[in-house]
Amino acid sequence: MQTTTMDWMTGNGHILAQRNLDEKVIALLAESDVAPEKFYLTGFETITFNQNKLFALNVVLASVITLERSVLILNTGRASHKVAEICSRLSMNYLLLDDIGMLDEVLRMHRQVSHLFICEGDDKGVARYELTQIGQLAGKYKVDLIVECMQQPLTVSQAMSCGASFMIYVDPLAVQSDSMVVCRRSRLVQAEGQSRWAMFDLYQYWQKTLDGRNNVIEPMAV
């Protein structure tokens, strides 16, 4: 039986982290002293889970890859194969690319690709300095960039520079291994009603996060 939205929000254990986002995390992302309730003014939103990063990966992929589209995964070893396994389990279309030098040609040939997944920051992953060039190619074909950060998250300015729409990482300042998704607010809006599974509904988690802040969010698009 598929889990309902109410079940996963009120069942045993909390999926969303039951704490306010630490100001230090916000300062790390924004590179300035920004109040957590004002971080949305950067054009990005944060959603923190009381779950490991594998759960966050499931949420993002299930919510943004639609039935008729595909995700292109840059093959950097074990981390990228883990993402391919998630796609297979959730019946998503995906391509695994071994040679980053073929990225332009593959995106040109496979126009059904809507998202490009990159693992950044580990020994075999994409180096941070390479992200801007990759992001430019993704932008050329109107493909959204999903970045799994293995160490420090991208700052907002770095995400803007490379065109990243979604970042997934483990909160470096959490006592537990909470995972965090940082997303462009415009992409969250577009994710409404798209998730294949109620338990992995990024848009609904965002709405619950907004409810918990109890602050007024002005409409904006980035």
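The text that follows walks through the structure, step by step, so that each part is easy to find. Remember, it's a predicted structure, so these values are computed and weren't measured experimentally. (Residues numbered from 1 in each chain as written. Predicted model: local features only at pLDDT ≥ 70, side-chain atom pairs only at ≥ 80, totals over all residues. Heavy atoms only, no water.)

Turning our eyes to something else, we now look at the overall build of the chain. Per the secondary structure count, the chain includes nine helices and seven strands. With 222 residues in all, the chain has 50% of them scored as buried. Sequence separation of 24 or more characterises 69% of the internal contacts of the chain that already satisfy a separation of 6 or more. Accessible area of the chain: about 10900 Å², with a carbon and sulfur share of 49%. (Helix = DSSP H or I, 4+ residues; strand = E, 2+ residues; numbered from the N terminus. Buried < 20%, exposed > 50% of the residue type's maximum accessible area, 1.4 Å probe, protein only. Contact = heavy atoms within 4.5 Å. Areas by Shrake-Rupley, 256 points an atom, 1.4 Å probe, with all protein chains shown as cover.)

This brings us to the nonpolar core. By size, the foremost hydrophobic cluster in this structure holds 35 residues, and its most contacted members are Ile47, Phe49, Leu61, Ile146, Val181, Leu202 and Tyr205. Secondary-structure elements contributing two or more residues to this core are strand 1 (44-49), helix 3 (53-64), strand 2 (70-74), helix 4 (78-89), strand 6 (164-170), strand 7 (179-184) and helix 9 (202-213). Ranked by residue count, the leading element in this core is helix 3, at eight residues. Discounting residues that sit within four places of it in the chain, valine 181 has contacts with Glu45, Thr46, Ile47, Phe49, Ala56, Val60, Met167, Ile168 and Leu202. Of all hydrophobic cores here, the second largest spans 34 residues; its members include Leu72, Leu131, Ala138 and Cys149. (Core = buried A, V, L, I, M, F, W, Y, C linked by side-chain atoms within 4.5 Å.)

A few words now on the environment of arginine 187. As for its position among the elements, arginine 187 is in helix 8 (residues 185-190). Exposure remark for arginine 187: the relative accessible area of 23% places this residue in the partly exposed category. With near-sequence residues (within four places) excluded, arginine 187 lies in contact with Asp144, Ser165 and Phe166.

Looking at the secondary structure, you find glutamine 51 in the loop between strand 1 and helix 3. For glutamine 51, a relative accessible area of 27% translates into the label partly exposed. Sequence-wise, glutamine 51 and methionine 180 are 129 residues apart; in three dimensions their C-alpha atoms are separated by 9.1 Å.

On to the pairing of strand 5 (residues 144-149). By the criterion of burial, strand 5 is predominantly enclosed, with six of the six residues buried. Burial along strand 5 is two-sided: Asp144, Ile146 and Glu148 facing one way and Leu145, Val147 and Cys149 facing the other are all buried. By the bridge criterion, six bridges tie strand 4 (residues 113-120) to strand 5 in an arrangement that is parallel. What sits directly across from isoleucine 118, in strand 5, is valine 147. The β-α-β motif built from strand 5, the intervening helix 7 (residues 156-162) and the parallel element strand 6 has right-handed crossover chirality. (Pairing = 2+ DSSP bridges. Right-handed = clockwise from strand over helix to strand, strands pointing away.)

What is expected of a backbone is that most residues other than glycine have negative phi and most peptide bonds are trans. Not every positive phi belongs to a glycine, and serine 91 is a case in point at roughly 55°. Assignment of secondary structure puts serine 91 in the loop between helix 4 and strand 3 (93-97). On the basis of relative accessible area, serine 91 is assigned to the exposed category, the value being 59%. Positive phi, close to 55°, is recorded for lysine 142, a residue that is not glycine. Counting through the fold element by element, lysine 142 comes out in the loop between helix 6 (131-140) and strand 5.

The first and last C-alpha atoms of helix 3 sit 17 Å apart over 12 residues, in line with the 16 Å expected at 1.5 Å per residue. Burial of helix 3 is extensive: 11 of the 12 residues sit out of reach of the surface. Buried within helix 3 we find Lys53, Phe55, Ala56, Leu57, Asn58, Val59, Val60, Leu61, Ala62, Ser63 and Val64. Two to three positions downstream of the cap, the backbone nitrogen of leucine 54 sits 3.2 Å from a side-chain oxygen, assigning the N-cap of helix 3 to asparagine 52. (Expected span 1.5 Å × (residues − 1). Polar contact = N/O pair within 3.5 Å; in protein donor to acceptor, adjacent residues only side chain to side chain.)

With that settled, consider the side chain of serine 195. On the secondary structure map, serine 195 appears in the loop between helix 8 and helix 9. What makes serine 195 buried here is its relative accessible area of 18%. A distance of 2.7 Å separates a polar atom in the side chain of serine 195 from the backbone oxygen of tryptophan 197. Polar contacts involving the side chain of serine 195 include one to the main-chain carbonyl oxygen of phenylalanine 200, which spans 2.8 Å. Setting aside residues no more than four positions away along its own chain, serine 195 makes contact with Ala62, Ser63, Phe200 and Asp201.

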